[in-house]
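Close look at the chain arrangement
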Protein chains: 4
Amino acid sequence: MHSYQIGVLGATGAVGQKFIRLLEDHPWFTATKLGASKRSAGKKYKHAVHWVEKTELPAEVADIEVSECQSAEFQDVDFVFSGLDSSVAGDIEKEFAEAGIPVISNAKNYRMHDQVPLLVPEVNPEHAELIKKQTFSSDGSGWIVTNPNCVSVPLSMSLKPLDDAFGIDSLVVTSMQSVSGAGYPGVPSLDIVANVVPYIGGEEDKVETESTKLLGQVKGDTTEFRDFTIQATAVRVPTIEGHLLSVAIKLKNPPADIEEAREAFTDWDNPIADLDLPSSPKQPIRLYEENRYPQPRLHADREGGMQTAIGRLRKGNLMDLGYVTMAHNTIRGAAGGAILNAELLAAKGYFG
Amino acid sequence: MHSYQIGVLGATGAVGQKFIRLLEDHPWFTATKLGASKRSAGKKYKHAVHWVEKTELPAEVADIEVSECQSAEFQDVDFVFSGLDSSVAGDIEKEFAEAGIPVISNAKNYRMHDQVPLLVPEVNPEHAELIKKQTFSSDGSGWIVTNPNCVSVPLSMSLKPLDDAFGIDSLVVTSMQSVSGAGYPGVPSLDIVANVVPYIGGEEDKVETESTKLLGQVKGDTTEFRDFTIQATAVRVPTIEGHLLSVAIKLKNPPADIEEAREAFTDWDNPIADLDLPSSPKQPIRLYEENRYPQPRLHADREGGMQTAIGRLRKGNLMDLGYVTMAHNTIRGAAGGAILNAELLAAKGYFG
Amino acid sequence: MHSYQIGVLGATGAVGQKFIRLLEDHPWFTATKLGASKRSAGKKYKHAVHWVEKTELPAEVADIEVSECQSAEFQDVDFVFSGLDSSVAGDIEKEFAEAGIPVISNAKNYRMHDQVPLLVPEVNPEHAELIKKQTFSSDGSGWIVTNPNCVSVPLSMSLKPLDDAFGIDSLVVTSMQSVSGAGYPGVPSLDIVANVVPYIGGEEDKVETESTKLLGQVKGDTTEFRDFTIQATAVRVPTIEGHLLSVAIKLKNPPADIEEAREAFTDWDNPIADLDLPSSPKQPIRLYEENRYPQPRLHADREGGMQTAIGRLRKGNLMDLGYVTMAHNTIRGAAGGAILNAELLAAKGYFG
Amino acid sequence: MHSYQIGVLGATGAVGQKFIRLLEDHPWFTATKLGASKRSAGKKYKHAVHWVEKTELPAEVADIEVSECQSAEFQDVDFVFSGLDSSVAGDIEKEFAEAGIPVISNAKNYRMHDQVPLLVPEVNPEHAELIKKQTFSSDGSGWIVTNPNCVSVPLSMSLKPLDDAFGIDSLVVTSMQSVSGAGYPGVPSLDIVANVVPYIGGEEDKVETESTKLLGQVKGDTTEFRDFTIQATAVRVPTIEGHLLSVAIKLKNPPADIEEAREAFTDWDNPIADLDLPSSPKQPIRLYEENRYPQPRLHADREGGMQTAIGRLRKGNLMDLGYVTMAHNTIRGAAGGAILNAELLAAKGYFG
């Protein structure tokens, strides 16, 4: 059985709170150290945090004294989860890795780093081996693993079965993203109540690049990106949780009919199914037949927010297929995805 | 000066109410006859209608007795606007045209009819000439003109300048449509509050075909469609008014740079500007430079809801350009568009 | 151990679906018969229902053939839950009771009936004894028990501790009610997105009367109502689940200070705690100290949607106290409340 | 004819922007000076402001260079409107008044000041005379006039006719307030989308006190407050504009029937009707007979956002009457109310 003491960096933020909530009663991981800004350091967590989760603040962390995000404070943890804002994640995560503390990060800073795996367990579990090539710490004991942007998760999850079956040529995607994706306080209500904002800063670049690394191949001490092209538009809509993507895709060897396309999803084998990871959804990809599904409000929480939904699968009259895909952006697309990464790495023995 | 007595078919519905509101104080058109279902016939309009507009029910129509939608009841009008539901519009509009009463329709039923112009004054005013070829009535006094679907309006408005400048090859569009597009009662709140529904029945077909007729050419007694391809996804979002479209487009002779693309919109000449029609916006197309614009809640009402907005214009890394476009779906995309059509036809002398 | 076969009347409606969802995996009750309108009768449930719950349609009911709501079809059940619309509940529930089938109803029709208990287990469990006085069936085997309106539930739950401690004189309440309270399709989105509707038909009468029966006393074969006065205003707000009430209350023997008022809630003893009913919340009343709580979106689901929340408890400068209270309107305020009633009656042996 | 050059303090904030928008094309007032924080000072207004209004930023102010809020910079204006945040309004407004510049303020800081009139032209125009008693400036040339909180405006507008007819004894009010009331960025969308927040800091005190000053009497150099009692609960709801109040009221001499209550509103005489002020609504109070009206989204904009709506007027079974009232919180309840105050004072010759 696995049993790890872990730390959470950025524990008072929106993503940090989601880590805390998802780690409550986790069979393998126990949060024993919480890191936040100098402003919060020294306070009990329950006094430092503006709790925005639906569930109660877990009793076992309520009285933990918040530390600053310095490796010296986290010597007794096996690894840390990072929910840090990208404005500070770069330096802090590096300092932890150099100090020999593995960092399972949700931040964007190292996603494109040569030696850092950008990991979605069901998509590219083998990329984990890049960890061994990392040179952050002299003895290799400290390293960084990242999970992708909240849009790249359902996107790559939907692309993997199609790529395996037909080969991806190119795609156009419009992501309709919920307000929780901007954290707290995040999007002002005056901007989004009964409205759509057609721009999310920095988002489209991530959506256009991350999936080409996720579906790429580890070669030596780096990752060879794929050469397919993604054109993305990211907009904000007044939903709470669940990013919904509208995708039009061209394939190298298109399916003969829509039934064959459907089977690419329904027959797809989850490469980590046998590992039986605690946060792993029984059905990682759910194909909805009803035209009106999936919907963020109804389906984002399916399988604890870890399932990726596909719907509206149909022949396209320009590109080969059209479909929508959705995943819970703060669970599967952030904290939950990072936890699943840690479970994979624990199962593979990366934490020694 | 123009002065016409007009009738409104489907006057108690959502589109009908918008006709009534927009015709209040119209300089050319006066609503003197209101048609609705048998259930409403005989009642005063103010008693038959469940008024959902923000403005007061106009006093001048409040006491008009509602008639059934039969041409015999509308002998004293110069023409009728039709806001009828497609389930009944086919037979009723035909009956009016055969009886010698011109029909300016918002319904979909005759949009694809060989002899019927699908008209957006700024896009294809010359298509009006098809009217002369119509054979609904023996003497040609009765005819039908239609305006396109509420998504096809901003789409065709945005495609026209690009087509003139660069030639359209193909495009992918995702339309994020407001709840008013479904009429009243329309979308149940349980389906759409804090949610997105990834399907709107019948919508995508219209979006994929109408623009190819709108940008086509009248040849003899029919319209030659254009051969560019549109792949559409239509979703419902919790906005009130204004459909926002995300577009990725491939062009025959792409612009050298984004500035040249911008000029295609800013230098475009409105072909009906000189007609000075009452409902014609001074600036039919508004190009927003701010990334966060246009937004349905803030900009759908610009120029009385008759302006089409363009934003996020940028180079695409798969197709040549990406942009968003938006128009007020129940004004520019429905009643207001039909009224502008009638104004064009009045100015051109089609009402004799 | 209890084990009952039960039927659900109105199984395809919004309340009926909630019954189906809450009865999935229920330790005592198994849904074996589903009743709906003639239109649905004969179809498999999965084909007759427009499922609007977040969870999957339970496999064990999916293929049950829907019956018409006639007692002859329900001979093999121990009792039925009724989620029928009030337009038909009166006759149907009577027919079942007369035929010897107990009816646990969420409909309003018999709430004010002399012999019918209006029941909230934590508020007036002793009212169940009225069942013995019922004369619907000759041998007393058939009877009706009702749960109150979705606003009266949190209202009576909050009034009970105050009444026990200080005695209720009178109160003013404004209930801000979620859209799920109107069922499906229910409230048109055009009426409620970014809006408030200051009226809910028939609601205020129920709010003003039901709590005076709930806190009343069974005398002989009827219930003596209490004489305190409630003035209610019911408005619709764009929330999904959870009715929030703003209450100003005058008490017979006001508390000396706010701390004493707080203790009335925190020290209150749940009269059915010892019965350990499956759907009974550990903490039926939760007093929130944070000014910004409770909130429908964050807290309606607490304890499976069965907990009543109190917040903003403070001295009033006109009436003695002010507070807000909230409960999940379709669980605690409807199907869940009815199920808890049935559990109480099962524990007390009313189903023989 | 009146013609004044005016300044706007806090011009880049949400209220300041509303001042700018409402003053565009104002027949009497021309904005020539714009004041904001040190951070904005020196920039052109169009570059300093994050414009959130639906209409275009008015061309005539776009290039005005923003000044710091110091009287020395505003020597050439006849008076200033203050949309300053209360955190800075106290000192700045005092400095302007002492320097001989009249301040028409929307801030709360001086509303309860003995010598400062809290003014709603239709409610207490005679309170303007208090200006003559002010001692901010040695020669009386500088003074301050305030408009009430956005809830107190519709509340006092609805209380005035009832007080004139029946005398107010006491009332309970729950105000359901729109997100625009919190300014920009204001309420985080995560807090309010599909939710209600049962608390607005500092709001209830204002609602409970301001109306007793507004309906009070000027005696000598101060205002004698009225002695009726208000118990208020202020909650935030996801509406954009328009605060809706639910009121239960006890009267000294209650009307015999509801018709008499109705007449109190319909027969009420607007004391400033004869002044014909530019921003004065033709019908300051609109009584809606339809149960479902008024609604924020549909009716807040009536008469340019300056009309107060009353609805649901009915007999109460505890207090004498129940009704709802609503006004546009950022127009009638803020900038528009301040402008109407200035118009009244201009008409009365207070600006010399």
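Residues numbered from 1 in each chain as written. Chains lettered and ligands numbered in written order. Predicted model: local features only at pLDDT ≥ 70, side-chain atom pairs only at ≥ 80, totals over all residues. Heavy atoms only, no water.

Considerations on helix α7 (residues 203-214) of chain B
With 12 residues, α7 of chain B should cover 16 Å at 1.5 Å per step; its first-to-last C-alpha distance of 17 Å lies within 8% of that length. Those residues of α7 of chain B lying buried are Glu203, Glu204, Lys206, Val207, Glu208, Glu210, Ser211, Thr212, Lys213 and Leu214 of chain B. (Helix = DSSP H or I, 4+ residues; strand = E, 2+ residues; numbered from the N terminus. Expected span 1.5 Å × (residues − 1). Buried < 20%, exposed > 50% of the residue type's maximum accessible area, 1.4 Å probe, protein only.)

Some thoughts on the side chain of Ser189 of chain D
Within the secondary structure layout, Ser189 of chain D lies in helix α6 (residues 189-192). Here Ser189 of chain D is in contact with Val179, Pro185, Val187, Pro188, Ser189 and Ile192 of chain A, once residues within four sequence places are set aside. (Contact = heavy atoms within 4.5 Å.)

Overview of the UniProt feature "domain: Semialdehyde dehydrogenase NAD-binding" (unreviewed entry) in chain A
The positions UniProt marks with the feature "domain: Semialdehyde dehydrogenase NAD-binding" (unreviewed entry) are residues 5-131 of chain A. Note that residues 5-131 of chain A is 24% helix and 17% strand, and that its end C-alpha atoms are spaced 20 Å apart. (UniProt positions renumbered as here; feature names shortened; annotations may be inferred.)

Things to note about the packing of helix α5 (residues 152-166) of chain A against helix α7 (residues 203-214) of chain A
Packed helix pairs are characterised by how far apart their axes lie and by the angle those axes make with each other. Residue and element names in this part refer to chain A. Two elements in contact, α5 and α7, have axes separated by 9 Å at closest approach and are oriented at 45°. Relative to α7, the element α5 lies oblique. In the crossing of α5 with α7, the sense of the turn from one axis to the other is right-handed. Between α5, through Ser152, Leu155, Ser156 and Leu159, and α7, the contact on the second element is made entirely by Lys206, Val207, Glu210, Ser211 and Leu214. Its residues assigned to classes, the contact of α5 with α7 shows 4 nonpolar, 3 polar and 2 charged. (Axes fitted to C-alpha atoms, helices over the stretch in contact; angles between N-to-C directions. Parallel < 35°, antiparallel > 145°, perpendicular 65-115°, else oblique. Left-handed = near helix turned anticlockwise from the far one by under 90°. Nonpolar A, V, L, I, M, F, W, Y, C, P; charged D, E, K, R; others polar.)

Details of the nonpolar core
Residue and element names in this part refer to chain C. Core analysis: the largest hydrophobic core is formed by 43 residues, its most contacted members being Phe29, Tyr45, Phe81, Ile104 and Leu345. Looking at this core, the elements with two or more residues in it are β1 (4-9), α1 (14-23), β2 (29-36), α2 (45-48), α3 (59-62), β4 (79-82) and α11 (331-347). At 9 residues, α11 tops the list of elements feeding residues into this core. With sequence-adjacent residues up to four places away left out, Ile104 is seen in contact with Phe79, Val80, Phe81, Ser82, Trp143, Val145, Ala338, Asn341, Ala342, Leu345 and Phe351. (Core = buried A, V, L, I, M, F, W, Y, C linked by side-chain atoms within 4.5 Å.)

Overview of the sheet that holds strand β4 (residues 79-82) of chain D
Residue and element names in this part refer to chain D. Read across the open sheet, the 6 strands follow the order β3-β2-β1-β4-β5-β6; overall the sheet is parallel. A strand with exactly one partner marks an edge of an open sheet, and here the two such strands are β3 (67-68) and β6 (144-146). This element, helix α4 (residues 86-98), spans β1 (4-9), β4, β5 (103-105) and β6 of the sheet and lies at about 155° to β5. (Pairing = 2+ DSSP bridges.)

Some points on the pairing of strand β10 (residues 229-236) of chain B
Residue and element names in this part refer to chain B. Burial of β10 is extensive: 7 of the 8 residues sit out of reach of the surface. Two strands pair when backbone bridges link them, and strand β7 (residues 168-177) and β10 are joined in this way by 8 bridges, in the parallel orientation. What sits directly across from Ser170, in β10, is Thr229.

A look at the pattern of salt bridges
Per the counting criterion, the structure on display carries 80 salt bridges over all chains. Asp63 of chain D serves as the salt-bridge partner of Lys44 of chain D, at 3.8 Å between the closest nitrogen and oxygen. Here the residue Lys44 of chain D occupies a position in the loop between β2 (29-36) and α2 (45-48), and Asp63 of chain D occupies one in the loop between α3 (59-62) and β3, the gap between them amounting to 19 residues. Of the residues examined, Lys44 of chain D reaches a relative accessible area of 38% and is grouped as partly exposed. In this structure, Glu289 of chain D and Arg262 of chain D form a salt bridge, with 3.1 Å as the shortest nitrogen-oxygen distance. Here Glu289 of chain D, found in the loop between β12 (285-287) and α9 (296-299), pairs with Arg262 of chain D, found in helix α8 (residues 258-266); they are 27 residues apart in sequence, far enough to count as distant. Linked through salt bridges whose partners overlap, the residues forming this network are Lys18, Arg21, Glu53 and Glu241 of chain A. (Salt bridge = Lys/Arg side-chain N within 4 Å of Asp/Glu carboxyl O.)

Let's talk about the relation of the copies chain B and chain C
For these two chains of identical sequence, chain B goes onto chain C by a turn of 180° and a shift of 0.0 Å along the axis, with RMSD 0.0 Å. On the angle and the small slide along the axis, the relation comes out as a two-fold axis. It is Ser189 of chain B whose C-alpha, among those of chain B, lies nearest the rotation axis, at 2.0 Å. Here 100% of the interface residues in chain B have copies in chain C that are interface residues too; the copies meet face to matching face. (Least-squares fit on C-alpha atoms with pLDDT ≥ 70 in both.)

Remarks on the interface of chain D and chain C
Opposite the 46 residues of chain D that make contact, chain C presents 46 residues. Buried surface at the junction of chain D and chain C, summed over both partners, amounts to about 3600 Å²; 57% is from carbon and sulfur atoms. Among the ionic pairs, Arg312 of chain D bridges to Glu204 of chain C, the shortest N-O distance being 2.8 Å. Those elements that provide at least two residues to the side of chain D that touches chain C are β7 (168-177), α6, α7 (203-214), β10 (229-236), β11 (243-251), α9, β13 (308-315) and β14 (321-327) of chain D. With 7 residues, β10 of chain D is the largest single contributor of residues to the side of chain D that touches chain C. Broken down by class, the residue content of the side of chain D that touches chain C amounts to 26 nonpolar, 13 polar and 7 charged. (Buried area = accessible area lost by both parts, 1.4 Å probe.)

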